[in-house]
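What follows is each chain in one-letter form.
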Amino acid sequence: MEQQTENKCVLTKDNNEEKRVRITTQEAIEYREYKRQKKRAEILSAIANSEGVLSDFEDEKRVRERAMRLRQAAVCMSPERLQALGGIYVQRGLAVDCLIGGNGETIAKVKAYEAKRAVKMHASELTLTLSPYAVLDGRYDEIAKEIKLVKRAASKVKLKVRVNRVYPSAVLSRLARLCAEGGAAYFCIPYFDGCERIRLELKNGCKLQVAGVDDLSIFKKMHGAGVERILTTQGWEMYAEWMKEVEKINFPELTLQADKQGGERADDKPMVTPLRLPIREPQKMLSDGLKGTENTPQVQNA
């Protein structure tokens, strides 16, 4: 009775201090696997919000297969790549993001023409590159007209407005407001420390896309900050590295009570405290044994 009371007190103390619950070995294994499966699903959901890049020197088959396996939101490519390979991506159910405007120095009417042409080739999204010189000169009225002109040419296709370099925060905030007012779906900027704060300037459903994210730690940071779209060329590598991290998680909150008592048992039976007998001298044990034979009834021979 005292032993049971002592065990009950120990269990209550463990639950109060460490918030542990007794579970069997099999239950711990199953719950750990459940936690890992849930973490894998969260990683896949995060990677699905990324966008791949098909450059002129990339193997299009590898990019396409990885985008399908990762379920990426879209694959960004040039108009030339779209004309040659866009149909294959569309047939596979992948969204195609077409770059228009080259390096941004193309005039607005040419950009509008490229947008109409990309829409006819079944592009799902369009990325308009702004002129760096127009941004540096502060020609915001010209930029606003260009965004609205390309938006009309894009019709119902998502339009994203991109800048290729990092500008002061005041300039990026002004451009973000122009994108939201012009009906753009995304404002795309290169990564820099604190870039996620530009989201506060976006309204009317316009979202933020960050480009140039090829490191897993930065990807986690942007995803945790609520960035809606991340443009990367290392999506598959980051996914594989992230999955390896999940396999190394031990989930210490699921440590068995048996571990604390000296290791897991092979079966699921409750732990039994062994009976501890007092150690007596051999001569005393022999005398006690002889005394016990005095009251033992003798068996008579027939």
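Quick notes on the rules
- Residues numbered from 1 in each chain as written.
- Predicted model: local features only at pLDDT ≥ 70, side-chain atom pairs only at ≥ 80, totals over all residues.
- Heavy atoms only, no water.
- Pairing = 2+ DSSP bridges.
- Helix = DSSP H or I, 4+ residues; strand = E, 2+ residues; numbered from the N terminus.
- Axes fitted to C-alpha atoms, helices over the stretch in contact; angles between N-to-C directions.
- Contact = heavy atoms within 4.5 Å.
- Buried < 20%, exposed > 50% of the residue type's maximum accessible area, 1.4 Å probe, protein only.
- Arc of directions from axis to C-beta.

## Thoughts on the sheet that holds strand β2 (residues 74–77)
Taking strand neighbours around the barrel as the criterion, the eight strands line up as β1-β2-β3-β4-β5-β6-β7-β8 in a closed arrangement whose pairing is parallel. In this sheet, adjacent strand axes meet at a mean angle of 25° when their direction is disregarded. Note: strand β1 (residues 50–54) against β2, four bridges, orientation parallel. Within β2, the residue paired with Leu54 across the bridge is Met77. Sheet strands touched by helix α5 (residues 108–120): β3 (96–100) and β4 (125–129). Its angle to β4, the strand with the most contacts, is close to 165°.

## Quick look at the environment of Arg69
Relative to the helices and strands, Arg69 is located in helix α3 (residues 60–70). Along the backbone, Arg69 and Ala48 are 21 residues apart, and their C-alpha atoms lie at a distance of 9.5 Å. Setting aside residues no more than four positions away along its own chain, Arg69 makes contact with Leu44 and Trp236.

## Notes on α3
Within α3 the residues assigned to the buried category are Glu60, Val63, Arg64, Ala67 and Leu70. Projected onto a plane normal to the axis of α3, the buried residues spread over an arc of 140° and lie on a single side. Summarising the contacts, the buried residues of α3 are in contact with α2 (25–48), β1, β2, α4 (79–91) and α10 (235–248). Arg71 sits one or two residues past α3 and shows a positive phi near 55°.

## Re the environment of Cys206
As for its placement among the helices and strands, Cys206 is situated in the loop between β6 (186–190) and β7 (207–211). Cys206 gets classed as buried once you look at its relative accessible area, which sits at 7%. Note: C-alpha distance between Cys206 and Leu159 (47 residues apart in sequence) is 9.9 Å. Sequence-distant contacts of Cys206, defined by excluding residues within four places in its chain, comprise Cys179, Ala180, Ala184, Ala185, Tyr186 and Phe187.

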